[in-house]
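# Structural description and commentary
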Amino acid sequence: MVRQSIEVRGLTVAYDAKVAIRNINHVFPGGTSTAVMGPNGSGKTTLLNALAGLVTPITGSIIGVDPPDVGYVMQHGSAGWMPITVGEVLEMGRYRHAGLLRRLSGADRSAIAAAAEHLAIADLMGRQFHDLSGGQQQRVRVARALAGQPQVLLLDEPITGLDLPSQHRILEVMAAETRRGTTVVLTTHHLDEARHCTEVVLMATELVAAGVPDEVLRPAALRRAFGGRILGDHDTHDHDHELLIFDDHGHGDHGSHGAHSPGFPPAVDPTRGESGGPRS
Ligand code: ADP
Ligand code: MG
């Protein structure tokens, strides 16, 4: 597989007058995993949307991603209402290969079966998506992205709020994808998850720090990104593991529910709600 590096140059994105990310310069090396961290509202989702080609920057450019080669697991919220089976959700992951109306080929079916196997959902294929637990639904969303065999995999808070077995399964799959050469970019509030990535990027509208986890996940840089929301008094030693980040883990921010996703195929995603209400 091609190891697809992504180069972001001078990227600024605004919603009307509100600048969401400012002058981001960064290279995501091909075949690595990067954890994007930062408080709510710091621009993490906007950065992923820009990488996926869903928002138009006011300045800057992104080199190296072709939107069809991107798999994007958006921040999960309410589950939408359309009746659809798990198998049908995974078939959506093959649309760019198969087209909307063509019959699935053998290659499509084996990509779907492999993704279902990796996410441990093979036994759920005939079930209604909306009847599944939150952790099962998220594993289905990740499997849909994998079924498309993307070169770039974007995941927005993929494990936040999930049961532990689902978290572990998704983390293992992300690590395996990185080893295969996929370029993985995820957002997270979990320091442990970030430590397992190749690199970490800290956001606070601007890019505050970037580098390997041991360099970036230190008190000084974390304070620059999170301000008073971290607890820890370890400026003089290296006990980063004792740092705690206080944040509300993505609940209640409004930036995640489709309003700024013009043209994202499919136009209606049956695994996501149209409104931002909580999952029932
Ligand atoms: P994060 O994912 O880190 O919580 P976002 O990228 O969602 O941050 O949001 C960055 C900033 O842009 C925030 O100030 C947020 O309020 C604003 N924002 C996000 N989406 C929209 C939108 N659709 N319309 C207006 N402002 C938005
Ligand atoms: Mg977000």
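Residues numbered from 1 in each chain as written. Chains lettered and ligands numbered in written order. Predicted model: local features only at pLDDT ≥ 70, side-chain atom pairs only at ≥ 80, totals over all residues. Heavy atoms only, no water.

Across its 14 residues, helix α5 (residues 134–147) extends 20 Å between first and last C-alpha, which sits within 8% of the 20 Å expected from 1.5 Å per residue. Judged by how many residues are buried, α5 sits mostly within the fold: 14 of 14 residues are covered. Backbone geometry just downstream of α5 places Gln149 in the positive-phi region, at approximately 50 degrees. (Helix = DSSP H or I, 4+ residues; strand = E, 2+ residues; numbered from the N terminus. Expected span 1.5 Å × (residues − 1). Buried < 20%, exposed > 50% of the residue type's maximum accessible area, 1.4 Å probe, protein only.)

All right, on to the pattern of salt bridges then. Evaluated as defined, the whole model comprises five salt bridges. Of the charged contacts in the structure, one is a salt bridge between Arg195 and Asp192, with a shortest N-O distance of 3.9 Å. Taken as a pair, Arg195 and Asp192 lie in helix α7 (residues 191–195) at a separation of three residues, close to a single helical turn. (Salt bridge = Lys/Arg side-chain N within 4 Å of Asp/Glu carboxyl O.)

Moving on, we get to the nonpolar core. Side chains that are nonpolar tend, in soluble globular proteins, to be buried together. With 45 residues, the main nonpolar core has Leu119, Ile121, Val140, Leu155 and Leu202 as its most contacted residues. Here this core gets six residues from one element, more than from any other, and that element is α5. Excluding its chain neighbours within four sequence positions, the residues that come into contact with Leu119 are Arg139, Val142, Ala143, Leu146, Arg169, Ile170 and Val173. Counting residues in hydrophobic clusters, the runner-up holds 24 residues, among them Ile6, Val36, Val152 and Val201. (Core = buried A, V, L, I, M, F, W, Y, C linked by side-chain atoms within 4.5 Å. Contact = heavy atoms within 4.5 Å.)

For Thr188, the location among the structural elements is in the loop between β7 (183–187) and α7. Since its relative accessible area comes to 1%, Thr188 is described here as buried. Separated by 2.9 Å, the side chain of Thr188 and the backbone nitrogen of His190 make a polar contact. Excluding anything up to four places from it in sequence, Thr188 contacts Ala35, Val36, Met37, Glu193 and Ala194. (Polar contact = N/O pair within 3.5 Å; in protein donor to acceptor, adjacent residues only side chain to side chain.)

Sheet architecture is open: six strands sit in the order β5-β6-β7-β3-β8-β9, paired in mixed fashion. Sheet topology places β5 (70–73) and β9 (206–211) at the edges, where each strand pairs with a single neighbour. With direction set aside, neighbouring strand axes in the sheet form an average angle of 15 degrees. Where strand β3 (residues 33–37) lies against β7, four bridges are found, and the strand directions are parallel. Bridge pairing links Val36 to Thr187 in β7. (Pairing = 2+ DSSP bridges. Axes fitted to C-alpha atoms, helices over the stretch in contact; angles between N-to-C directions.)

To continue, consider the pairing of strand β6 (residues 152–156). Extensive coverage of β6 is indicated by the burial of five of its five residues. With burial as the criterion, each face of β6 is covered, one bearing Val152, Leu154 and Asp156 and the other bearing Leu153 and Leu155. Two strands pair when backbone bridges link them, and β5 and β6 are joined in this way by four bridges, in the parallel orientation. Each residue of the ladder has a partner; that of Val70, found in β6, is Val152. Pairing of β6 with β7 involves five bridges; the strand directions are parallel. In the sheet register, Leu155 faces β7, and the bridge partner there is Leu186. Chirality of the crossover, the property in question, places the unit of β6, helix α6 (residues 164–180) and β7 among those that are right-handed. (Right-handed = clockwise from strand over helix to strand, strands pointing away.)

Looking now at the sheet that holds strand β2 (residues 18–28). The strands making up a sheet associate through hydrogen bonds between their backbones, and the pairing can be parallel or antiparallel. Pairing is antiparallel in the open sheet, where three strands are placed in the order β2-β1-β4. One side of each edge strand has no neighbouring strand; the edge strands of this open sheet are β2 and β4 (59–63). For this sheet, the mean inter-axis angle between neighbouring strands, taken without regard to orientation, is 20 degrees. With four bridges joining them, strand β1 (residues 6–15) and β4 adopt antiparallel strand pairing. Note on β4: the bridge partner recorded for Val8 is Ile62. Running at roughly 120 degrees to β1, helix α1 (residues 44–51) makes contact with β1, β2 and β4 of the sheet.

Moving on, we come to the coordination of the magnesium ion (ligand 2). Distances from the magnesium ion (ligand 2) to its protein donors, Thr45 (OG1) and Gln75 (OE1), fall at 2.0 to 2.6 Å. Placement of Thr45 in helix α1 and of Gln75 in the loop between β5 and α2 (86–92) is noted, with a sequence separation of 30 residues between them. In this structure, Thr45 and Gln75 share a single accessibility class: buried. (Donors = N, O, S within 2.8 Å, 3.2 Å for Na, K, Ca; no water.)

With that settled, the discussion passes to the packing of α5 against α6. Running from amino to carboxyl end, α5 crosses α6 at an angle of 15 degrees, the nearest separation of the two axes being 9 Å. Taken together, α5 and α6 sit at an angle that is classed as roughly parallel. The two elements α5 and α6 meet at a crossing, and its hand is left-handed. Residue-level inspection shows Gly135, Gln136, Gln138, Arg139, Val142 and Leu146 of α5 in contact with α6, the latter providing Ser166, Arg169, Ile170, Val173 and Glu177. (Parallel < 35°, antiparallel > 145°, perpendicular 65-115°, else oblique. Left-handed = near helix turned anticlockwise from the far one by under 90°.)

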